[in-house]
Amino acid sequence: MSSQPKVVVIGAGIVGCSLADELTVRGWTDVTVLEQGPLFATGGSSSHAPGLVFQTSPSKTMTEFARYTVEKARALDLDGQWCFRQVGGLEVATSPERLAELQRRQGWLTSWGVESRLVDPAEAAELHPLLDPGKILGAFHIPTDGLAKALRIGEAQARRAMDRGAVFLGHHTVTDIETRDGAVRAVVTDRGTFQADIVVSCAGFWGPKIGHMAGQPVPLVPMGHQYATTTPLPLLRGRNTELDEANLPILRNQDAGLYYRELGDRIGIGSYAHRPLPVSADDLAHPSDSRVMPSVLDFTEADFAGAWADSQVLLPALSEAEVADGFNGLFSFTSDGMPLIGESGTVKGFWLAEAVWVTHSTGVARAVAEWMVDGRPGVDVHECDINRFEEVQLAPNHVHERSCQSFAEIYDIIHPHQSPERPRPLRTSPFHSRQQELGAVFLEGGGWERPHWYEANAQLPEVSRIAGRNAWASRFWSPIAGAEALVTRERVALYDMTPLKRLEVTGPSALDLLQRLTSNQLDKPVGSVTYTLLLDEKGGILSDLTVARLAEDRFQIGANGNLDLVRLRRHLPADGTVQVRDLTSGTCCIGLWGPRARDLVQPLADIDFSHEGFGYFKAKEAFVKDVPVTAMRLSYVGELGWELYTTADLGLRLWDTLWEAGQEHGVIAAGRSAFNSLRLEKGYRSWGHDMTAEHTPYEAGVGFAVRKKKGEFTGREALEGITKNTVARRLTALVMKDHDAVVMGKEPVFAAGRAVGYVTSAAYGYTVGHPIAYAWLPTEYTEPGTAVEIGYFGRKLSAVTAAEPLLDPEMTRIRR
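Fair warning: this is a prediction, and the values are worked out from it, not measured in the lab.

### A few points about the overall build of the protein
- Check the secondary structure of the protein and you find 19 helices and 43 strands.
- Across its three principal axes, the protein shows a C-alpha extent of roughly 85 × 65 × 50 Å.
- Each of the 816 residues in the protein was classed as buried or not, and the buried ones make up 62%.
- If you sum the accessible surface of the protein, you get close to 30300 Å²; carbon and sulfur atoms cover 49% of it.
- The average position of the 81 basic charges and that of the 101 acidic charges among the side chains of the protein differ by 5 Å.

### Some points on the pattern of salt bridges
- Applying the stated criterion to the full structure yields 48 salt bridges.
- Arg 581 serves as the salt-bridge partner of Glu 504, at 2.9 Å between the closest nitrogen and oxygen. Of this pair, Glu 504 sits in strand E28 (residues 501-506) while Arg 581 is found in strand E32 (residues 579-582), placing the two residues 77 residues apart along the sequence.
- Residue classification places Glu 504 among the buried positions, given a relative accessible area of 12%.
- Judged by its relative accessible area of 47%, Arg 581 is partly exposed.

### A closer look at the packing of helix H1 (residues 14-25) against helix H8 (residues 361-374)
- Following both chains from N to C, one finds H1 and H8 inclined at 45°, their axes separated by 8 Å at the closest point. The pairing of H1 with H8 is recorded here as oblique in orientation. Where H1 crosses over H8, the two elements pack in a sense that is right-handed. Of the residues in H8, those in contact with Ile 14, Val 15, Ser 18, Leu 19, Glu 22 and Leu 23 of H1 are Ser 361, Thr 362, Ala 365, Arg 366, Val 368, Ala 369, Met 372 and Val 373.

### Focus on the sheet that holds strand E15 (residues 198-201)
- Ordered in space as E11-E2-E1-E15-E24-E23, the 6 strands form an open sheet in which the pairing is mixed. Looking at which strands have only one partner, the edges of the open sheet turn out to be strand E11 (167-169) and strand E23 (340-343). Recorded for the sheet is a direction-independent mean angle of 20° between the axes of neighbouring strands.
- The pairing of strand E1 (residues 7-10) with E15 spans 4 bridges and is parallel. Each residue of the ladder has a partner; that of Val 8, found in E15, is Val 199.

### With respect to the pairing of strand E25 (residues 440-445)
- Along E25, 5 of the 6 residues are buried, which leaves the element largely enclosed by surrounding structure.
- Both E25 and strand E26 (residues 448-454) contribute to a ladder of 6 bridges, which runs antiparallel. Directly across from Gly 445, in E26, lies its bridge partner Trp 448.
- The turn linking E25 back onto E26 is made up of 2 residues, and Gly 446 within it adopts a positive phi angle of 60°.

### Some remarks on unusual backbone geometry
- Leu 39 connects to Phe 40 through a cis peptide bond whose omega is 5°.
- Structurally, Phe 40 is set in the loop between strand E2 (31-34) and strand E3 (52-53).
- Backbone torsion omega between Arg 424 and Pro 425 reads -10°, so that peptide bond is classified as cis.
- On the secondary structure map, Pro 425 appears in the loop between helix H9 (396-408) and helix H10 (432-437).
- One non-glycine residue, Asp 181, lies in positive phi territory at about 55°.
- You can call Asp 181 exposed: its relative accessible area is 75%.

### Brief notes about the state of the cysteines
- Within the structure shown, the criterion is met by 0 disulfides.
- With no disulfide partner, Cys 83 has as its closest neighbouring cysteine sulfur the one in Cys 17, 12 Å distant.
- Accessibility expressed as a relative area gives 1% for Cys 83, which makes it buried.

Cut-off values and rules
Each chain has its residues counted from 1, following the order in which its sequence is written. The predicted origin of the model limits local features to residues at a pLDDT of at least 70 and limits the giving and counting of side-chain atom pairs to 80 or more, whereas totals for whole chains, interfaces and linings rest on all residues. Side-chain numbers here rest on the full set of heavy atoms in the structure, without hydrogens or water. Helix and strand labels come from DSSP, where a helix needs a run of H or I of at least four residues and a strand needs a run of E of at least two; each type is numbered from the N terminus. Residue exposure (1.4 Å probe, protein chains only): buried if accessible area is under 20% of the type maximum, exposed if over 50%, otherwise partly exposed. Every accessible area reported is derived by Shrake-Rupley at a probe size of 1.4 Å, with residue values counting cover from the shown protein chains alone. Positive charges come from Lys and Arg alone, negative charges from Asp and Glu alone, with His and the N- and C-terminal ends not counted. All charge positions are set by atom: Lys at NZ, Arg at CZ, Asp at CG, Glu at CD. A side-chain nitrogen of Lys or Arg and a carboxyl oxygen of Asp or Glu constitute a salt bridge if their distance falls within 4 Å. Axes here refer to lines fitted to C-alpha atoms; in helices the fit is confined to the stretch in contact. Angles between the N-to-C directions go from 0 to 180 degrees. Under this scheme an angle from 65 to 115 degrees is roughly perpendicular, one under 35 degrees roughly parallel, and one over 145 degrees roughly antiparallel; angles in between are oblique. Helix crossings are classified by the rotation of the near helix relative to the far one: an anticlockwise turn of less than a right angle makes the crossing left-handed, while a clockwise turn makes it right-handed. Residues are treated as being in contact if the distance between any of their heavy atoms lies within 4.5 Å. DSSP bridges decide pairing: two strands pair if at least two such bridges lie between them. Pairs of cysteine sulfur atoms within 2.5 Å are identified as disulfides in what follows.

Written out as structure tokens, the structure is:
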């Protein structure tokens, strides 16, 4: 491929237009945008979107996408007409629970660097005079939120792209995508074929159809969402000169599932307060066959009745108006509420920017353009990567049910530990029946049922040593989890580690591949285990891996998820000298940890499990009584122990063998809640939470996993000259003084009277006896003993930075 690849973008909605602009401004000008409808009112979601841009999100990345959309759209106009009106955003609370949620949301924006403030009912009514202040308890004001004119923003960017050489073609319906040797070659339309090195699907709710042509699943569901406009309001008469002009803040009443915008002398009302209204991809109309446009369906008045009644309560002026018209507009929903972006893991050159709303449109386009041109986006996008899903999560029923749940919960107060309710259970380990017998309380992750604690442990005497916590921190938690953590430190516990992604890399060039892709030295004797990092070209942390060399040409990798599998497969040599296989579903793993772990396992084993015979970060094949295992002496909880791997068919036998033998040692089963507390006491990082591609190893405190002298590897050049002493920010341990409030992550951290960072992970440290948080902070605030404060539901909690690890810095507990 030349430095000027042929790019074909499918879809000229706001995302496709934005992407063409972002690509051409970076010098990629051989861009053709194909649209099945007219330019630029294409008939997709952009054509009817009401344009409210609220930047608030628990996701730092999504807020960044929205912030850039605001920044870019503000600077655009179309023939002198405005593209973005910065009227501000206002979210109101009509219940104490929602008021607390607004405090949490204000914390997010403080963490992400977006100006916002909490206001009382009277000030909220000053900002939005239609509000009845007696009906609300408070509000959250974001002055930089506003209204986007999606069609104008799209066309303004398209014109700029065309000025640089891009071509836009309307009324070109894509009928096929030609591939050869696993890569895209051309896009076929009803009006000709277009050769392509890269194809980007920006087709919105038509995305699954386009993806099917390329052989790439696009797991989204088109969903009807109600939007209505009122008759003119006397209170708004004469305020605005244009029919679509607005000066009042955009408004959300999430307790009722509603949002509002001023529309000249009328009010536009959007509702999520109705049942999910999914539409089959087979029922989507072509623009030429649609009565109005494909994205606009008939308004179902019965679904709107409650929304209209609630609206008149919050905005009494609406009692002088009626619903003039409405429609059910189609938008794309996904199973986790996030966009679908990035290059296909199976079809080279096929990219996606799907399930993207106007709010995030230009931000997503910039990230995808950076990714295509520079090899990496400027922000971490792992939450949005199309390859993030496990195969089971791509099942049509799963996508449908979870997407409907995403719609139903869009304005709900979602706890950080809350799991989707259905369809479950999907993936269960071989130990599931025993866990059920022990009263496991399951949460879900990656499709797996994961025990968070076991009710069978309620009678442990250690439970009485666990302090209570406030109502929010007590959700999806039990003091039993604290007891499980203490028993792990004092006796021994079994942890189900089966959901950990396990990959096998084999072949004569396996070592060369892993050496080139990861940061640590892997050229070690068979039986060695190494903690290493996958980095991008700028030294950002794409993942952390645990690599066990089980033979000269066979490695087992503990990975973070499907993204790691895709990354490894993308770099496989064409000569077939390396193979990568996902072992997860056919294997299982028990983490056996605690000071009595050796006493439990040694009588069952056919090899020496002593410290001298089985050193730390070593792997050996063994038998645990009747069960063949791969044993690795690792510990993510900071205690003596082993990860014991076997095949799924023998998993239950392994559990029962360890459980029976462990009774004399006081063994228990322990869950993820205890696990998280234990790993934070030891300062062990969690990729995706504590560190991402936005961070380098030396900032994240994992520089020990970088061996620059081993030879070339991805990211090495970018790390030259950088050490832990030269970085401007660090992931830092914080010790909190308030024992009742256990923060969850994403809270702002304050120092010297201003916000300086944010929390990544947190838990109560049951061994050390106080809450722990990890946070990103500027280096000047990371010296141990520095006083800081953590924002927590409108309060500021005292904390102090601490040297890490907080427990056993000499590593004597692990290496005994």
